[in-house]
Amino acid sequence: MSRYKKRFYANLITLGSILLTYIILLLLRLIPAVSEWWSRTISRGEQIINNRIFGYLPFSCFELFIILLALYIIGWIVVTVRHLIRFSFRGSSRYWLNFGIVISLIFTVYMGTAGMEYNRKPVDIPQHTELIEDPQDYKIIAKAFQDDFNECSTKLSFREDGSLINPYTNKELDQIMEVEFKKLDSDYYTKVTTHAKKMNIFGWLYRELQITGVAFGPTSEANVNQLATSAEYAFTTAHEIAHTKGIIREEDANLVAAYICLTSSDPYLRYSGYMCTIGSLGYLVKCTNVEQDYYDFTHGYTKEIAQDSKYMHEYWNKHDMLGKISDWMNDLYLKLQGDKGTVSYTDNIDIIKDDTEYKVSSYSRYQALYMWIYLDK
Ligand SMILES: [Zn+2]
């Protein structure tokens, strides 16, 4: 056999083995018990080791990976086009195989380090799911949280344009998160809490893609876009850290972030938690079926919160050059992972309107967390 043929078959076997591994992992993941076991042993071990290795590097390995991948793809396109122009089938087929190996290897490594966690048991965060008897109480409960949100806003500072000033440096926020995450004492989570990393190189690009953070499975890194608004910064940091502790599903990472922020004694964390989740309480207030209640709730925030919320809205409207592309890609990514797509980011509001009355069928995740904080904590 010629050297060319030998190498061709060797590459073909390599690609076949990687694809086979991917398919086996994909099938194994369908079994919740395997997903749970993998998360608690293999993924967990990897997260602990990664934290020791990559956690201390002062830069984001995720950003480095993106640069290397981009360089590889550009190089690959140049070489392949050159071969195609020369009609060299032998040369180009080798590059196609090479490309297949690299891309399938990335997918397989991702599956082994993070994707296997998709079918775990529901995340271990307290939820009060039993509906309360008198819907009129929703108004009182929502008001109590709104009062606390308002109180937080009086303890924080804001810029002239209305935006909140993040009171902490990244290092300070890391230390706070490390303490806050100790509240998760269940063995469902990987114990180590990684330090969030800033996206120094691609922050601007990610802002146009409307992405506030990315958790990277192969290095267990929580990358946070430092160009996100201060109001969502703490919540996003908690969300990305949650991903590095064995929580891959978006709705679960959001619920962990809500729990971390809303039960904190730190006004900045609570402020950020409320900003990202309190809207879910508005739906419960609707269920008193008194229009004035809902009006009072939506108009009951301090001037600072109203201005900061308006600032956030305008900020993201201004930075939406590539938002639709990113939404499409993220939706595709989540669906490839066996998820429901980007809808999994939203709270699962389950409030129906029959004839003229609003009625709660079941609490959404955020609502059940709020009810637990109010009734059981
Ligand atoms: Zn996420």
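Look up a bit, the structure's there.
As a starting point, this report considers the structure included with it. (Residues numbered from 1 in each chain as written. Predicted model: local features only at pLDDT ≥ 70, side-chain atom pairs only at ≥ 80, totals over all residues.)

## Concerning the overall build of the protein
Counted only if it meets this: A helix here means a DSSP run of H or I that spans at least four residues, while a strand means a run of E at least two residues long, and both kinds are numbered starting from the N terminus. Field definition: a residue is buried when 20 or more other C-beta atoms are found within 10 Å of its C-beta, exposed when 12 or fewer are, and partly exposed for counts in between, with C-beta atoms placed from the backbone. Contact between two residues is assigned whenever their backbone-derived C-beta positions fall within 7 Å.
Looking only at helices and strands, one finds 15 helices and 5 strands in the protein. With the C-alpha coordinates of the protein rotated into their principal frame, the extents come out at 80 × 45 × 45 Å. Counting all 377 residues of the protein, 35% fall into the buried class. Taking the contacts inside the protein whose residues are at least 6 apart along the sequence as the reference set, 74% of them involve residues at least 24 apart.

## Some remarks on unusual backbone geometry
One non-glycine residue, S220, lies in the positive phi region at around 50 degrees. Note that S220 resides in the loop between β2 (213-216) and β3 (221-224). A count of 27 C-beta atoms within 10 Å places S220 in the buried class. Residues other than glycine seldom take positive phi values, yet N289 does so here, at roughly 60 degrees.

## Some thoughts on the sheet that holds strand β1 (residues 197-198)
Quick note on the threshold: Two strands form a pair only when DSSP identifies at least two bridges running between them.
With respect to topology, 3 strands assemble into an open sheet ordered β1-β3-β2, the strand pairing being mixed. Each edge of the open sheet carries a strand with a single partner, namely β1 and β2.

## Considerations on the pairing of strand β4 (residues 350-354)
Counting buried residues along β4, only 0 of its 5 residues qualify, which leaves the element largely exposed. Taken together, the 5 bridges between β4 and strand β5 (residues 357-362) define a ladder with antiparallel strand orientation. Its bridge partner being in β5, I352 is matched across the sheet by K359. Where β4 folds back onto β5 in an antiparallel hairpin, the turn is made up of 2 residues, including D355, whose phi is positive at roughly 55 degrees.

## Structural notes on the environment of Y333
The residue Y333 is located in helix α14 (residues 323-336) in this model. Along the sequence, Y333 and I165 sit 168 residues apart, while their C-alpha atoms lie 33 Å from each other.

## What to know about the packing of helix α11 (residues 279-286) against helix α12 (residues 291-298)
Here is the rule we go by: A fitted line through C-alpha atoms represents every axis, and for helices the fit uses only the stretch in contact; the resulting angles, taken between N-to-C directions, go from 0 to 180 degrees. Roughly parallel here means an angle under 35 degrees, roughly antiparallel means over 145, roughly perpendicular means 65 to 115, and every remaining angle is called oblique. A clockwise turn of the near helix away from the far one marks a right-handed crossing, whereas an anticlockwise turn of less than a right angle marks a left-handed crossing. Amino acid classes used here: Ala, Val, Leu, Ile, Met, Phe, Trp, Tyr, Cys and Pro are nonpolar; Asp, Glu, Lys and Arg are charged; the rest, including Gly, are polar.
Close contact between α11 and α12 brings their axes to 8 Å; oriented N to C, the two are set at 160 degrees. Relative to α12, the element α11 is oriented roughly antiparallel. Where α11 crosses over α12, the handedness of that crossing is right-handed. Contacts between α11 and α12 involve G282, V285 and K286 on the former and, on the latter, D293, Y294, F297 and T298. Considered class by class, the residues forming the contact of α11 with α12 number 3 nonpolar, 2 polar and 2 charged.

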